[in-house]
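# Overview (structure and organization)
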2 protein chains.
Amino acid sequence: MGRWPGRAQERLQAAAIELFAERGYERTTVAEIAERAGLTERTFYNHFADKREVLFPSQDGFIAGLVEAIGAASSDRSPLDVVVDALLETTDWFDRRRETAQQRRRIIDSRAELQERELAKMAAFGAALAGALRGRGSAGPAAELTASAAVSAYQLASADWLADPQRRGLGHHLRSVFGELRAAASTW
Amino acid sequence: MGRWPGRAQERLQAAAIELFAERGYERTTVAEIAERAGLTERTFYNHFADKREVLFPSQDGFIAGLVEAIGAASSDRSPLDVVVDALLETTDWFDRRRETAQQRRRIIDSRAELQERELAKMAAFGAALAGALRGRGSAGPAAELTASAAVSAYQLASADWLADPQRRGLGHHLRSVFGELRAAASTW
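Residues numbered from 1 in each chain as written. Chains lettered and ligands numbered in written order. Predicted model: local features only at pLDDT ≥ 70, side-chain atom pairs only at ≥ 80, totals over all residues.

Attention now goes to the overall build of chain A. A count of helical and extended segments in chain A gives 10 helices and zero strands. For chain A, whose C-alpha radius of gyration is 18 Å, the value lies close to the compact-globule estimate of 16 Å for 188 residues. Dimensions along the principal axes, computed over C-alpha positions, put chain A at roughly 50 × 35 × 30 Å. Looking at chain A as a whole, 32% of its 188 residues are labelled buried. Of the contacts made within chain A by residues no fewer than 6 positions apart, 56% connect residues no fewer than 24 positions apart. (Helix = DSSP H or I, 4+ residues; strand = E, 2+ residues; numbered from the N terminus. Rg over C-alpha atoms; globule rule 2.2 N^0.38 Å. Buried ≥ 20, exposed ≤ 12 C-beta atoms within 10 Å, placed from the backbone. Contact = placed C-beta atoms within 7 Å.)

In this complex, chain B contributes 26 residues to the contact, which on the side of chain A involves 26 residues. For the side of chain B that touches chain A, the elements supplying multiple residues, two or more each, are α5 (79–88), α8 (112–135), α9 (140–163) and α10 (170–185) of chain B. Split into classes, the residues belonging to the side of chain B that touches chain A amount to 17 nonpolar, five polar and four charged. (Nonpolar A, V, L, I, M, F, W, Y, C, P; charged D, E, K, R; others polar.)

This paragraph deals with the relation of the copies chain B and chain A. One copy of the chain maps onto the other through a rotation about an axis plus a displacement along that axis. If you rotate chain B by 180 degrees and push it 0.0 Å along the axis, it lands on chain A with an RMSD of 0.0 Å. Taken together, the rotation angle and the small translation identify this as a two-fold axis. In this assembly, 100% of the residues forming the interface of chain B have copies in chain A that are likewise at the interface, indicating an isologous arrangement. (Least-squares fit on C-alpha atoms with pLDDT ≥ 70 in both.)

We now examine the domain arrangement of chain A. Residue and element names in this part refer to chain A. Domain annotation of chain A identifies domain 1 (8–53) and domain 2 (58–185). Between domain 1 and domain 2, the contact holds six residues from the first and eight residues from the second. For the side of domain 1 that touches domain 2, the per-class residue count stands at five nonpolar, no polar and one charged. (Domains from an automatic or database assignment.)

A few words on α10(B). For an α-helix, the turn length of 3.6 residues means that residues three or four places apart are oriented alike. Taking 1.5 Å of rise per residue, 16 residues should cover 22 Å, and α10(B) covers 22 Å from first to last C-alpha, within 8% of that figure. Residues L170(B), H173(B), L174(B), V177(B), F178(B), L181(B), A184(B) and A185(B) constitute the buried set of α10(B). The arc enclosing the buried residues of α10(B), seen along the axis, measures out at 125 degrees, which places them on a common side. In the core, the buried residues of α10(B) are packed alongside α9 (140–163) and α10 (170–185) of chain A together with α5, α6 (91–95) and α9 of chain B. (Expected span 1.5 Å × (residues − 1). Arc of directions from axis to C-beta.)

Residue and element names in this part refer to chain A. Relative orientation of the contacting elements α9 and α10 amounts to 135 degrees, with a least axis distance of 8 Å. Considering their axes alone, α9 and α10 lie oblique with respect to each other. Helix-helix and strand crossings are classified by hand; for α9 and α10 the assignment is right-handed. Contacts from A149, A153, L156, A157, D160 and W161 of α9 reach α10 at L170, H173, L174, V177, F178 and L181. (Axes fitted to C-alpha atoms, helices over the stretch in contact; angles between N-to-C directions. Parallel < 35°, antiparallel > 145°, perpendicular 65-115°, else oblique. Left-handed = near helix turned anticlockwise from the far one by under 90°.)

Looking at the element boundaries, R175(B) is found in helix α10. As for R175(B) and D85(B), which are separated by 90 residues in sequence, their C-alpha atoms are 9.8 Å apart.

The next subject is the nonpolar core. In terms of nonpolar packing, the biggest core is built from 65 residues, with L129(A), A153(A), L129(B) and A153(B) touching the most fellow members. The contact partners of A153(A), leaving out residues within four places of it in the chain, are V177(A), F178(A), L181(A) and L145(B). (Core = buried A, V, L, I, M, F, W, Y, C linked by C-beta atoms within 7 Å.)

Let's shift gears to unusual backbone geometry. A positive phi angle, close to 55 degrees, is found at R167(A), a residue other than glycine. Tracing the sequence through the fold places R167(A) in the loop between α9 and α10.

For the rest of this paragraph, the subject is the environment of T28(B). Residues and elements named next belong to chain B. Relative to the elements of secondary structure, T28 occurs in the loop between α1 (8–23) and α2 (30–36). Remark: the alpha-carbon pair of T28 and E180, spanning 152 residues in sequence, is separated by 40 Å. Excluding residues within four positions of it along the chain, T28 makes contact with L19, F20, R23 and I33.

All names here are of chain B. For F62, the position within the fold is in helix α4 (residues 59–72). The class for F62 is partly exposed, based on 16 C-beta atoms found within 10 Å. Spatially, the C-alpha atoms of F62 and F125 are 9.3 Å apart, while their sequence positions differ by 63 residues.

With 96% of its residues at a pLDDT of 70 or more, chain A shows a mean pLDDT of 91. For this predicted complex, the interface confidence score (ipTM) comes to 0.88, while the overall pTM stands at 0.89. (pLDDT = per-residue confidence, 0-100.)

Here it is, written out as structure tokens:
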């Protein structure tokens with residue numbers, strides 16, 4: 001795994017994922033994560049509320065970027081098109097971090113408490129997308145239902161991306177799963 | 001709130017909701033719930049893994065009924081129609097427990113740990129619906145995306161039902177929100 005340059009949050013997450021993979025999630029302490037990252041425990045807690053949270057770092061910036069892109073989209077685009085376009089703008093960032101994302105996925109899949117935290121993060125993600133869609137004029141239920149469907153499709157596409165033996169990019173899998181969503185919805 | 005007759009699970013849930021409403025969730029113990037229900041703590045733990053779980057009691061039976069109804073549905077019905085029909089069969093049970101459901105909703109909404117548990121329950125509900133749809137021939141992604149959309153619509157309809165000052169039945173709100181889902185999907 002390449003070391004992520006720069007920000008403390010990314011260094012802490014990279015250190016945490018290394019240690020969780022080496023020793024297991026349960027046997028790794030926040031102090032050890034901070035030490036591996038060359039930072040203090042205090043710095044860790046400046047960035048993350050607890051050990052679980054280090055696996056879910058960049059959502060605020062990710063969501064803010066999506067909300068901004070959705071708000072800036074042309075008003076003649078459909079709500080789902082606007083969300084897909086916004087998600088496709090994020091894929092380079094993820095494709096550059098594929099190995100880390102795979103290790104992170106295995107750690108989350110190994111523990112129910114981490115899966116619960118991920119569900120809460122995905123719910124917050126959906127609520128933010130719904131707010132952005134309401135902001136461009138979708139009615140409340142339509143905005144929430146479109147946002148929820150988009151989050152489900154995003155999760156499936158992410159899983160396909162990480163499991164793909166051909167290592168195709170996240171954008172390929174997003175296009176594929178959103179195509180499946182449209183095909184499924186046409187039968188509803 | 002009328003006393004639910006019969007099964008220990010329902011008595012324990014009714015007692016728990018009464019106590020949570022009277023004293024708060026945090027200040028109520030499993031021993032007190034069991035005592036209020038006229039049962040032992042041991043019986044409580046035979047039915048529920050922990051205090052949180054008493055708020056999520058009937059999902060296994062609920063899901064089993066839905067899965068059975070989906071499996072028995074005519075093969076010429078669309079996947080979403082089949083799910084809606086199955087959900088509509090459950091509404092009488094909920095409509096008879098509206099007051100309890102409102103108290104339960106307020107308790108869950110008051111605590112992040114309960115909301116997280118509910119998200120996990122909804123994820124399990126979606127996985128079960130997806131399995132039932134695959135069982136009647138839907139391809140994997142279509143089954144998962146249809147099931148997720150149905151769970152989102154179900155959650156919105158439940159919230160509308162509990163907040164409805166006109167006290168219309170859950171079936172009314174399910175039909176309304178699934179209509180919104182179809183209208184939204186037609187723009188995707």
